[in-house]
Amino acid sequence: MRSGSCSLIFKVTKSGKVLRARDPLESSSARSLLPWRIFEASDGPVYLVCIEQDQWERLVAFMGTPEWAQLEIFADTAGRAANQDVLHGLLQAFIAGWQVLPLYHAAQAHRICIAPVLDYAGVQAAEHLRARDFFAVPEGLPPGTPAVEVMRSPVLTTAGRARTGAPLRCVASAQDVTADAAPRRRGQAAPALPLAGIRVVDLSWAWAGPFCAMNLAHLGADVIRLESDTRPDLYRRLPIVPPELEPPHAPSGMFNQWNQGKRSVSVALGTPEGRQVVRDVVASSDVVVQTFATGVLDRLGLGYEELRRINPRIVLASISGYGQTGPWRSYMGYGPSAAALTGLCSVTGYVGGGPEELGLSMPDPTAGITAAFGVLAALLRRDGTGTGEHVDVSLWEASAVLGVEAWMQHQRLGAQPTRQGNRDAAMAPHGCYRALGDEAWVTISCRDDAEWQRLAQIVYPPLAQDPRFDTLAARKANEDALDALLSAWTSTQDRWVVTRWLQPLGIPAFPS
């Protein structure tokens, strides 16, 4: 049984509704860490991801240790990856017997990373976001304007939600305003980087935290990475290395990418001596970045209150799936599952299809760069107050604010935005069309009527006179027919030939 064979499709509910696991070839490419995908519960979709072996073992126990889960082919990561179609079908059969929210809370109680795929009504109703004061009603709306809620800043600090907008730099004179913009002459020393002299202790791993600390390093900070020697960073263990290199000189490319410009030392945090090392380093540092599960730093005796006792000027940046407060703060959250909570997956997918993954663990770097901005603002405030603060960033909130267009559509129209695939509200045609050859595609878009007229002359000149397509509104109203006509043409053409025909005419087109 290998990836690419026919997927197992089964589960009939009591009502007679047939539910199935999505075939792994239907959306993104096959993965090596499994399970990791959207499944269908009896009343909606859920996202399940198991990154570590112990998480898989907890999932097996949660399911009641079924016989199939004890098969040798599912015993390790490699076996699950090689047989993912079978694995996903069997998991779908289990998940289909649950409703979304009972499954979510029961699985999370067993430290299993699962999350509902929320639409925007679900996001607005989420009690965790309500408890964290994530929504606000804007003031000063014109009379008669329908009441709406907006998402507040995704940076929560000990002083409350951080103000929106970029922090301002204090200046003493007009010369200060223009000094940085003056051209540098040859031989002139480069100006100091903004965070020169700032020391950062990086207690994070994987992507979000290291990405935050990497950006601080790029801004000139001295970043000291304190790592466990008994449980190495997940990204150190990923086999993404050039074939000609071997350990110990070839850490994963992803690990190298997110840890540029840092120093590193191994520290055993499970020992009193290791924790004392952290305290000693913090005493002479400015920032600590951490991504432990909520509460772990406190249990180690290194929580914010202890850190600021050691160094009142310290800025602690905590990045987690759900944040440091709220009823679900202890829930597991990785980037893929956090995306499911934001509403973004609910508006991602093909026309007429179901919700889809974002294709990348986008909430991780999003939360990382958000936390970096939060740290910069906290350092600026510290210049005035003399004291540090705790910056709390969740993957959920940092990513949810990116869906502002869909959020406001939900708020103003009271309806869930529909999935539009490759289409665009302001352009038509706008899509990815099958070309001549196996798995060959070409993207084409027309930004205005003039571009459409030029395209029509290439495809089939009478189309330029067809009233179904002469305006954007008409093309949007007849978009299915328009896409069918274009697909019929592109399927007989080489994708590079199409590109070379259309690009000189000013029509965006390129192979996909």
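Our subject is the structure that appears above.
Keep in mind the model is a prediction, meaning the values are calculated, not measured. (Residues numbered from 1 in each chain as written. Predicted model: local features only at pLDDT ≥ 70, side-chain atom pairs only at ≥ 80, totals over all residues. Heavy atoms only, no water.)

Caption draft 1: Examining the side chain of Ser399 more closely. Position of Ser399 relative to the elements: it lies in helix α16 (residues 395–400). Judged by its relative accessible area of 0%, Ser399 falls in the buried class. Within the structure, the side chain of Ser399 is placed 3.0 Å from the backbone oxygen of Leu395, a separation counted as a polar contact. Setting aside residues no more than four positions away along its own chain, Ser399 makes contact with Thr342, Leu344, Met362, Pro363 and Thr366. (Helix = DSSP H or I, 4+ residues; strand = E, 2+ residues; numbered from the N terminus. Buried < 20%, exposed > 50% of the residue type's maximum accessible area, 1.4 Å probe, protein only. Polar contact = N/O pair within 3.5 Å; in protein donor to acceptor, adjacent residues only side chain to side chain. Contact = heavy atoms within 4.5 Å.)

Caption draft 2: Highlighting a nonpolar patch on the surface. A contiguous nonpolar surface patch, about 240 Å² in accessible area, is contributed by Ile458, Trp501 and Leu505. Under the relative-accessibility criterion, Ile458 is labelled partly exposed at 33%. (Patch = residues over 30% accessible without salt bridge, like charges linked within 9 Å, V, L, I, M, F, W, Y side chains within 5 Å. Areas by Shrake-Rupley, 256 points an atom, 1.4 Å probe, with all protein chains shown as cover. Salt bridge = Lys/Arg side-chain N within 4 Å of Asp/Glu carboxyl O.)

Caption draft 3: Broad picture of the pattern of salt bridges. Counting across every chain of the model gives 22 salt bridges. Between Asp222 and Arg263 there is a salt bridge whose closest N-O contact spans 2.8 Å. In this pair, Asp222 sits in strand β9 (residues 222–227) while Arg263 sits in strand β10 (residues 262–266), placing the two residues 41 residues apart along the sequence. For Arg423, the salt bridge goes to Asp480, with nearest N and O atoms at 2.8 Å. One end of the pair, Arg423, is in the loop between α17 (404–413) and β14 (430–434); the other, Asp480, is in helix α20 (residues 479–490), with 57 residues separating them in the sequence. Residue classification places Asp480 among the exposed residues on the basis of a relative accessible area of 56%. Residues joined by salt bridges that share partners form a network here, namely Arg423, Lys476, Glu479, Asp480 and Asp483.

Caption draft 4: Expanded view of the sheet that holds strand β2 (residues 44–49). On the basis of which strands lie adjacent, the open sheet formed by three strands has the order β1-β2-β3 and antiparallel pairing. Of all the strands in the sheet, the pair left with one neighbour each is β1 (36–41) and β3 (114–116). Each strand of the sheet is rotated relative to its neighbour by a mean of 25 degrees, with strand direction disregarded. Across six bridges, the pairing between β1 and β2 is antiparallel. Looking across to β2, one finds that Phe39 is bridged to Val46. This element, helix α3 (residues 84–95), spans β1 and β2 of the sheet and lies at about 35 degrees to β1. (Pairing = 2+ DSSP bridges. Axes fitted to C-alpha atoms, helices over the stretch in contact; angles between N-to-C directions.)

Caption draft 5: Focus on unusual backbone geometry. Residue Pro35 is bonded to the preceding Leu34 through a cis peptide linkage, with omega at 0 degrees. Within the secondary structure, Pro35 sits in the segment before β1. Cis geometry marks the peptide bond from Ala428 to Pro429; its omega dihedral reads 0 degrees. Relative to the helices and strands, Pro429 resides in the loop between α17 and β14. Despite not being glycine, Arg111 has its phi angle at roughly 60 degrees, a positive value. Along the chain, the position of Arg111 falls in the loop between α4 (100–109) and β3. Positive phi, close to 65 degrees, is recorded for Ala206, a residue that is not glycine. Within the secondary structure, Ala206 is located in the loop between β8 (199–203) and α8 (208–218).

In short, geometric facts, not functional conclusions.
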